[in-house]
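# Summary of the model geometry
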Amino acid sequence: MAFDLVRKRLTKELKLLTENPTPGIRVVDDCSDMRKIRIDIEGAPGTLYDGENFQLLFKFTDQYPFDSPQVTFIGSNIPLHPHIYSNGHICLSILTDDWSPALSINAVCLSILSMLSSCKDKSRPPDNDWYVRTASNDPKKTRWWYHDDAV
């Protein structure tokens, strides 16, 4: 019963994404399991990620949209980026501390595309190896330290 309201909200968001697609963002799932949705994003033209394709996995709880989705990169092409770990975890404030129920799947994807587009150097975070060895499978359990707005 609790997930029915979440399903209604997600159905509305996904309808908007499929009927009025944002360039570079594509829903790939059949969305039969609304708790997990895969979105493909394409690096923006003229950026370091121009033409590269990436997969995002969104996981939703019964508390969505009051609780942020868990969002990770999946697949074999996880972007090299100072805020993206090799296990797919993304250090982005709107996924944790700065989450608002007004945000949507599309808004999260746009924020991630913006983060990729502003990148000047393809590299892993300095603590990547340590983080990947010690991190929970759930990036929302990480206490992120947002210290670099330049990327």
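Rules used throughout
- Residues numbered from 1 in each chain as written.
- Predicted model: local features only at pLDDT ≥ 70, side-chain atom pairs only at ≥ 80, totals over all residues.
- Heavy atoms only, no water.
- UniProt positions renumbered as here; feature names shortened; annotations may be inferred.
- Pairing = 2+ DSSP bridges.
- Helix = DSSP H or I, 4+ residues; strand = E, 2+ residues; numbered from the N terminus.
- Axes fitted to C-alpha atoms, helices over the stretch in contact; angles between N-to-C directions.
- Contact = heavy atoms within 4.5 Å.
- Buried < 20%, exposed > 50% of the residue type's maximum accessible area, 1.4 Å probe, protein only.
- Polar contact = N/O pair within 3.5 Å; in protein donor to acceptor, adjacent residues only side chain to side chain.
- Expected span 1.5 Å × (residues − 1).
- Arc of directions from axis to C-beta.
- Phe/Tyr/Trp six-rings, centres within 6.5 Å; stacked < 30°, edge-to-face > 60°.

The name recorded for the protein in an unreviewed UniProt entry is N-terminal E2 ubiquitin-conjugating enzyme, from Adineta steineri. What the UniProt record of the protein gives under Sequence similarities (unreviewed entry) is the line "Belongs to the ubiquitin-conjugating enzyme family."

The subject of this paragraph is the sheet that holds strand 3 (residues 53-59). Within the open sheet, the four strands sit side by side as 1-2-3-4. Their pairing is antiparallel. In the strand order of this sheet, the two ends are held by strand 1 (25-27) and strand 4 (70-74), each with one partner. Taken over all neighbouring pairs, the strand axes of this sheet differ in orientation by 30° on average, direction set aside. Where strand 1 meets strand 2 (residues 36-42), three bridges bridge the pair, whose relative direction is antiparallel. Across the sheet, the residue bridging to Ile25 is Ile41, located in strand 2. Those strands touched by helix 2 (residues 105-117) are strand 1, strand 2, strand 3 and strand 4, and its axis lies near 35° from that of strand 2.

Locating Asp40 in the fold gives a position in strand 2. Its relative accessible area of 13% is what places Asp40 among the buried residues. Engagement of the side chain of Asp40 in a polar contact is seen with the side chain of Arg38, the distance being 3.1 Å. Contacts of Asp40, omitting those with residues within four sequence positions, involve Gly24, Ile25, Arg26, Val28, Phe54 and Gln55.

Spanning 18 residues, helix 1 (residues 2-19) covers 27 Å between terminal C-alpha atoms, matching the ideal 26 Å at 1.5 Å per step. Within helix 1, the full set of buried residues consists of Phe3, Val6, Leu10, Glu13, Leu14 and Leu17. An end-on view of helix 1 places all buried positions within 100° of arc, on one side of the element. Facing away from the buried side of helix 1, by more than 90 degrees, are the exposed residues Leu5, Lys8, Lys12 and Glu19.

Turning our attention to the UniProt feature "active site" (unreviewed entry) in the protein. Mapped onto the present numbering, the UniProt feature "active site" (unreviewed entry) falls on Cys91. Its location among the elements puts Cys91 in the loop between strand 4 and helix 2. A relative accessible area of 12% means that Cys91 is categorised as buried.

It is worth spelling out the packing of aromatic side chains at this point. Summed over all chains, the structure comprises six aromatic pairs. Aromatic pair Tyr64 and Trp99: ring centres 6.1 Å apart, planes at 40°, arrangement tilted. With a gap of 35 residues between them, Tyr64 in the loop between strand 3 and strand 4 and Trp99 in the loop between strand 4 and helix 2 connect regions that are remote in the sequence. Judged by its relative accessible area of 3%, Tyr64 falls in the buried class. We classify Trp99 as buried; its relative accessible area is 12%. Their ring planes at 40° and their centres at 4.2 Å tell us that Tyr85 and Tyr131 sit as a pair that is tilted. Of the two residues, Tyr85 sits in the loop between strand 4 and helix 2 while Tyr131 sits in helix 3 (residues 128-134), which places them 46 residues apart along the sequence.

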